[in-house]
Amino acid sequence: MTEPDGLVERDRRRVWHPYTQMLTRAAPLPIVKGEGVYLYTEDGRRLLDGISSWWVNIHGHAHPKLNQALSDQVRVLEHVVFASCTHVPAVELAERLVAVLPSGLTHVFYSDNGSTAVEVAVKLACQYWQNINQPPRRIFVALHHGYHGDTVGAMSVSDESIFTRAFSLLRFPVVRAHAPYCYRCPLGLQRDTCSVDCLGSLEAALNTHGDAVAAVLIEPMLQGAGGMIVWPSEYLAGVRRLCDQYGTLLIADEVLTGFGRTGRMFASEHARVTPDIICLSKALTAGYLPLGATVVTERVYEAFLSHDRTKTFFHGHSFTANPLACAVALASLDLFEQGRVLDRVCVLERKLREGLSPLRKLSVVGDVRVIGGVGAVELVADKQTRGGYLDERGPRLADAFLERGLLLRPLGNVVYFMPPYVITEEETDWALEQIAEVLEEMDRGQ
Ligand SMILES: Cc1ncc(COP(=O)(O)O)c(C=O)c1O
């Protein structure tokens, strides 16, 4: 009798994976269970989830209280259309989000994921100016190294990359300004002596395009997919100031940074700014279920209130405000209230600094960046010129970490560690040791 096929063989026959060349790909990891910071494979391996399952998980896998909230909700109401109905989890979640968000954000528009949260923000900003009877504004200003999602609008505001190249024909034009990527300063300056001069590029864009700018869109404090680029908070404060000065909207994409990832509940808090529109997803449901939220200020919301039907925001998704997702999001906010979650991120940040900073001495390490629960190491072939990005090393490094039981997915030449916040100090030490050993081996040319 032949053995039944395992998960990997069945997957190979029928499944198409994201960001994956299916012809040459390595076998996917067959995951059968998650618990706390660990994932378990079909063949009995235990892996520490060092990327929080694509940056979504914060309280650990299969958290008893989140599981309970989900099973309680499923017995009551699993889903209902949200265009003409409402329900307790959606209303409660909106109330509680508004209570924890930077003050001034007042109305919550739900969608399905991070890309749709951004898509909604872009469409709201576009329609806002028409609704307040101003000439249409069609220009969005976004930053180099920005990433905002894979739907066409979100992909348009994202910086050009290998991931967007095939879709150039579909992307609408966006004006791009410098990001404060201090290690590769676009102006060749040093952070300790500069005056965040890179803001000048945003100011020039606003100056040139004046009243045609619908919004400036940023990932505050941490540009994730662009290479875990950590900002000086002065840049964020400057973006808000310039948006006010030039009279345009600020959209903060906090899909990655929201819910504690940078050490504050929201990254906007690092510079005490309130964006006009904020995009949330990923950790919104603690990584349990897809849910997006785009939250706006009263001023933006009011622009859509009218007896003129054309001023309505005509946008929605079948699973808008899914009650199961909202219920888990509420349970996650309970954990924040009860469990000193941000204190844990603070401990993690200290450990990441202590553990990763010594790696600066390695000849392959160009930069080490830490913010909140995210630690990143940028690899270079030549430390002097900061050139030769070693992009091709990413997948080989991922394999080396995997052999040691640590799941990481380097972004090209940037190795980063972003575990669920529930990771213990001992587990963090262990993971940082693995990272150090693998990079030291690489440094020795092994
Ligand atoms: C800052 C940011 N915005 C938007 C997205 C898109 O989110 P999703 O993958 O849920 O569509 C991501 C995903 O990584 C992100 O990091």
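Note that the structure is predicted; figures quoted are calculated from it, not measured. (Residues numbered from 1 in each chain as written. Predicted model: local features only at pLDDT ≥ 70, side-chain atom pairs only at ≥ 80, totals over all residues. Heavy atoms only, no water.)

On to the packing of aromatic side chains, then. A full pass over the atoms with the stated rule returns 10 aromatic pairs. For the ring pair F109 and F313, a centre distance of 5.1 Å and an interplane angle of 75° mean the geometry is edge-to-face. Of this pair, F109 sits in strand β4 (residues 105–111) while F313 sits in the loop between α9 (298–302) and α10 (323–339), placing them 204 residues apart in sequence. Owing to a relative accessible area of 22%, F109 belongs among the partly exposed residues under this scheme. (Phe/Tyr/Trp six-rings, centres within 6.5 Å; stacked < 30°, edge-to-face > 60°. Helix = DSSP H or I, 4+ residues; strand = E, 2+ residues; numbered from the N terminus. Buried < 20%, exposed > 50% of the residue type's maximum accessible area, 1.4 Å probe, protein only.)

Next up on the list: the nonpolar core. If you look at soluble globular proteins, the nonpolar side chains tend to sit buried side by side. In terms of nonpolar packing, the biggest core is built from 71 residues, with V141, L379, F417, I435 and L439 touching the most fellow members. For this core, the element with the most residues is helix α13 (residues 425–443), which contributes seven residues. When sequence neighbours within four positions are dropped, the list of residues in contact with I435 reads L356, L359, F401, L406, L408 and F417. By size, the runner-up hydrophobic cluster in this structure holds 35 residues, among which are L101, F266, A283 and V328. (Core = buried A, V, L, I, M, F, W, Y, C linked by side-chain atoms within 4.5 Å. Contact = heavy atoms within 4.5 Å.)

Given a rise of 1.5 Å per residue, 18 residues ought to cover 26 Å, and the 25 Å separating the end C-alpha atoms of helix α5 (residues 114–131) matches this to within 8%. The buried fraction of α5 is high, at 15 of 18 residues. The opening residue of α5 is N113, an N-cap whose side-chain oxygen sits 2.9 Å from the backbone nitrogen of S115. A positive phi of about 60° marks N133, the residue just after α5. (Expected span 1.5 Å × (residues − 1). Polar contact = N/O pair within 3.5 Å; in protein donor to acceptor, adjacent residues only side chain to side chain.)

Right, let's talk about the packing of helix α7 (residues 199–209) against helix α8 (residues 233–245) for a bit. Between α7 and α8, whose axes approach to 10 Å, the crossing angle comes to 15°. On the basis of their axis angle, the class for α7 and α8 is roughly parallel. Remark: the crossing between α7 and α8 carries right-handed chirality. The residues of α8 that touch α7, namely those facing L199, L202, E203 and L206, are E234, Y235, G238, V239, R241, L242 and Q245. Of the residues in the contact of α7 with α8, the class split is six nonpolar, two polar and three charged. (Axes fitted to C-alpha atoms, helices over the stretch in contact; angles between N-to-C directions. Parallel < 35°, antiparallel > 145°, perpendicular 65-115°, else oblique. Left-handed = near helix turned anticlockwise from the far one by under 90°. Nonpolar A, V, L, I, M, F, W, Y, C, P; charged D, E, K, R; others polar.)

On to the site of the ligand, then. Taken together, W55, N113, G114, S115, Y147, H148, G149, E219, D253, V255, L256 and K282 make up the full set of residues adjacent to the ligand. For the ligand, an oxygen atom lies 3.4 Å from a polar atom in the side chain of N113. Residue D253 places a side-chain N or O atom 2.6 Å away from a nitrogen atom belonging to the ligand. Protein contacts shield 83% of the accessible area of the ligand, which totals 390 Å² for the unbound molecule. When its residues are assigned to classes, the shell around the ligand shows four nonpolar, five polar and three charged. (Near = heavy atom within 4 Å. Areas by Shrake-Rupley, 256 points an atom, 1.4 Å probe, with all protein chains shown as cover.)

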